[in-house]
Amino acid sequence: MELQFPSLLTLLASILLLSIILQLVKRSKTLESSIQQLPPGPWRLPLVGNLHQLVGSLPHRILRDLANQHGPLMHLQLGETSNVVVSSPEIAKEILITHGTIFAQRPLLVAVDTMTYGSRDIVMAPYGHYWRQVRKICTIELLTAKRVKSFESIRQDEFSNLVKFISSNEGSPINLSDKIFGSTYGIASRAAFGSKYNVNDSYSSVVEEIVKLASGFSIADLYPSSKVLRLMSGMSKKVETLFKKSDAVLQGIIDEHRERLGRSNAGDEGEEANEDLITVLLKIQQLGDLELPLSDNDIKGIIWDVFSGGSETSSTIVDWAMSEMMRNPRVLKKAQTEVRNVYNGKGDVDEASVQELNYLELTRVIINAWAMATDPKYWTEPKAFYPERFLNCSSDFKGTNMEFIPFGAGRRMCPGILFALPNIELPLAKLLYHFDWKLPNGMEHESLDMTEAFGVTVRRKNDLILIPTIHKSFM
Ligand code: HEM
């Protein structure tokens, strides 16, 4: 048989592959020796660890199933990364509260690290001096009750436009998922940049793309030591393109704000109560009394958090809440009756009375903190959509009851709750108050598809399409 010489390209590719494998084997041996002291976990394969066990379903479901076999504190080796999976409230409390300082670090995720100018935002900032400073700015300047209140007119405007759009499409199927995302995104955008900026399409697609890439399960994140794998995955290039797009938009807006601020400093006073977040941050930067001066990149990083935290998370909750109610006509009816009673005769929903909607408030919760929030040890019929379970229940969602922590807990708990809640309650109340809803094509409520998509936030896989009818008392 004639011996075939490989082409130069094949030869180079083989050498490259071999060197990657050798590098990974070396690293996996080092890891193997440190794994000895870790909690139990399923069996591992060389190089990939437990990655193969995550194939076939969504990670949060597989992790729950694995934890049922291996315990609530379980070790998983995912590529090069060593992970401890916590699935019980008791251990979560130990980790997030008792030993909070030890576990307050974030993993390095390639896509987010790039988008946040090397983790100069709050979410990804390494636990330390800089994080403490930006977190403080966030809690005492950006997301205070007063500041969030100052955005009320923006929320009313965006959600009233949503109601108008739905009314004008009465009787036709509408893509509710898409519309809700557009409205919450519009709120984040106007709160961050001010009302005159319309960056909806260009910037929202960047946010959506990065949120998809930032799950932590990409090759680049699972094999962080291998630059070659990162290059081959195409991730860096994709992220770099998105970053350039996002940076150009953000820097342009910062420059315009700075110019305007310069003019108003020279006499023309702006209205402090209605300042957008970029203006607040620029003023802090100009004051110059921070221990670690705030650069433009730091400001852009922080604004990134407002977008990624302020839009997709809230809209996803509204989307799931509407989906759950469409599948449960009893709950839908009860929530609608409550909203219509509270706002009886007012003609519209405002934020002032939203606190009275005890029943409706409960709908936002069940989709988060999935593993613990669906554990039958802590919840009766955890999979049933039964908001009444939270009436007269001592569990809240603010990080004290570990079996239910949609906003996290401990030192790195979400500081955006005040910003998020009206973005969930107000649209839900309006959707229920103004409209009756039907599924398209005569579909039965129990047939509504509830498949989840994989991502940082677990969104619906397929958009929620519903047919609205204007409620008769408002015609
Ligand atoms: C329903 C909406 C939201 C949900 C479910 C949510 C959930 C979370 C969770 C689970 C964390 C991680 C907590 C931890 O590590 O223990 C977090 C962190 C964070 N969230 Fe939210 N969030 C929401 C809305 C927002 C909004 C509206 C903002 C800002 C406008 C925001 C800003 C942040 C920031 C800056 C962090 C990082 C905190 C830190 O690392 O110190 N979030 N969020």
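Everything below is about the structure shown above.
Predicted model only: the values in this text are computed from it and were never measured.

Chemist: I keep staring at the nonpolar core and nothing clicks. Help me out?
Modeler: Soluble globular proteins: nonpolar side chains tend toward being buried together. Ranked by internal contacts, the top residues of the largest apolar core, which has 94 residues, are L176, I303, F307, M322, L431 and W437. Here the element with the most residues in this core is helix α14 (residues 296-327); it accounts for 13 residues. Look past the residues within four positions of L176 in its chain and what remains in contact with it is I166, M322, L431, W437, L464 and L466. In terms of nonpolar packing, the next biggest core, distinct from the first, is built from 13 residues, L51, I62, A67 and L222 among them.

Chemist: Explain a nonpolar patch on the surface here, please?
Modeler: Where nonpolar side chains cluster on the molecular surface, the patch consists of L38, L73 and V84 and spans about 200 Å² of accessible area. Along the polypeptide, L38 turns up in the loop between α1 (8-35) and α2 (59-70).

Chemist: Is there a simple way to explain the packing of helix α8 (residues 176-193) against helix α18 (residues 417-434) in this structure?
Modeler: The N-to-C vectors of α8 and α18 enclose an angle of 140°; their axes lie 12 Å apart at closest approach. As the angle between them shows, α8 and α18 are arranged oblique. Considering only the axes of α8 and α18, their crossing is right-handed. In contact with L176, I180, T184, I187, A188 and A191 of α8, α18 contributes F419, N423 and L431. Taken together, the residues of the contact of α8 with α18 sort by class into seven nonpolar, two polar and no charged.

Chemist: Just checking my understanding: could you explain the packing of helix α7 (residues 152-168) against α8 for this structure?
Modeler: A pair of packed helices can be characterised by two numbers: the angle between their axes and the separation between those axes. At a minimum axis separation of 9 Å, α7 and α8 run at an interaxial angle of 155°. Relative to α8, α7 is oriented roughly antiparallel. Of the two elements, α7 crosses α8, and the hand of that crossing is right-handed. Together, I154, R155, D157, E158, F159, L162, F165 and I166 of α7 and L176, K179, G182, S183, T184, G186, I187, R190 and A191 of α8 make up the contact between the two elements. In the contact of α7 with α8, the residues fall into eight nonpolar, four polar and five charged.

Chemist: Could you clarify how one ought to interpret the coordination of the iron atom of the ligand in this entry?
Modeler: As a benchmark, a tetrahedral metal site with four donors has ideal angles of 109.5 degrees, while an octahedral site with six donors has ideal angles of 90 or 180 degrees. For the iron atom of the ligand, the protein contributes exactly one donor atom, C414 (SG), at 2.3 Å. Residue position: C414 is located in the loop between α17 (370-373) and α18.

Chemist: I keep staring at the sheet that holds strand β3 (residues 174-175) and nothing clicks. Help me out?
Modeler: The strands that make up a sheet are held in pairs by hydrogen bonds between backbone atoms, and each pair lies either parallel or antiparallel. In spatial order, the strands read β3-β5-β4; together these three strands make up an open sheet with antiparallel pairing. The strands lining the two open edges of the sheet, one partner per strand, are β3 and β4 (435-438). In the sheet, β3 pairs with strand β5 (residues 465-470) via two bridges, with the strands oriented antiparallel. Considered in β5, the bridge of N175 is made with I465. Helix-sheet contacts for α7 involve β3, β4 and β5, and the interaxial angle to β4 is about 60°.

Chemist: Explanation requested: the environment of L294 in the structure shown.
Modeler: Within the secondary structure, L294 is located in the loop between α13 (277-287) and α14. Of the residues examined, L294 reaches a relative accessible area of 6% and is grouped as buried. On a C-alpha basis, the gap between L294 and R459 in space is 34 Å, while along the polypeptide they are 165 residues apart.

Chemist: Is there a simple way to explain the pairing of strand β2 (residues 81-86) in this structure?
Modeler: Strand residues, when the strand is regular, have side chains that alternate between the two faces of the sheet. In the sheet, strand β1 (residues 73-78) pairs with β2 via six bridges, with the strands oriented antiparallel. Paired with L73 across the bridge in β2 is V86. Taken together, β1 and the strand that follows it, β2, pair antiparallel across an intervening segment of two residues, in which G79 is found at a positive phi of about 60°.

Chemist: What am I meant to see in the side chain of D121 here?
Modeler: Note that D121 resides in the loop between α4 (110-115) and α5 (129-142). An unpaired buried charge is present at D121: no salt bridge exists, and R412, the closest side chain of opposite charge, is 6.7 Å distant. Looking at D121, its side chain comes within polar contact range of the main-chain nitrogen of V123, at 3.4 Å. Separated by 3.2 Å, the side chain of D121 and the backbone nitrogen of M124 make a polar contact. In contact with D121, not counting residues within four places along its chain, are T116, Y130, V134, G301, I302 and D305.

Chemist: So what exactly am I meant to see when it comes to the site of the ligand here?
Modeler: As a structural note, the neighbourhood of the ligand is formed by 25 residues, with R106, W131, R135, R412 and C414 the closest of them. In this structure, R135 approaches the ligand through a side-chain N or O atom, which is 2.8 Å from an oxygen atom. Those elements that place two or more of their residues in the shell around the ligand are α5, α14 and α18. At seven residues, the largest contribution of residues to the shell around the ligand is made by α14. Across the shell around the ligand, the residue classes tally to 15 nonpolar, six polar and four charged.

So, how was this worked out
- Residues numbered from 1 in each chain as written.
- Predicted model: local features only at pLDDT ≥ 70, side-chain atom pairs only at ≥ 80, totals over all residues.
- Heavy atoms only, no water.
- Core = buried A, V, L, I, M, F, W, Y, C linked by side-chain atoms within 4.5 Å.
- Buried < 20%, exposed > 50% of the residue type's maximum accessible area, 1.4 Å probe, protein only.
- Helix = DSSP H or I, 4+ residues; strand = E, 2+ residues; numbered from the N terminus.
- Contact = heavy atoms within 4.5 Å.
- Patch = residues over 30% accessible without salt bridge, like charges linked within 9 Å, V, L, I, M, F, W, Y side chains within 5 Å.
- Areas by Shrake-Rupley, 256 points an atom, 1.4 Å probe, with all protein chains shown as cover.
- Salt bridge = Lys/Arg side-chain N within 4 Å of Asp/Glu carboxyl O.
- Axes fitted to C-alpha atoms, helices over the stretch in contact; angles between N-to-C directions.
- Parallel < 35°, antiparallel > 145°, perpendicular 65-115°, else oblique.
- Left-handed = near helix turned anticlockwise from the far one by under 90°.
- Nonpolar A, V, L, I, M, F, W, Y, C, P; charged D, E, K, R; others polar.
- Donors = N, O, S within 2.8 Å, 3.2 Å for Na, K, Ca; no water.
- Pairing = 2+ DSSP bridges.
- Lys, Arg positive; Asp, Glu negative; His and termini not counted.
- Polar contact = N/O pair within 3.5 Å; in protein donor to acceptor, adjacent residues only side chain to side chain.
- Near = heavy atom within 4 Å.

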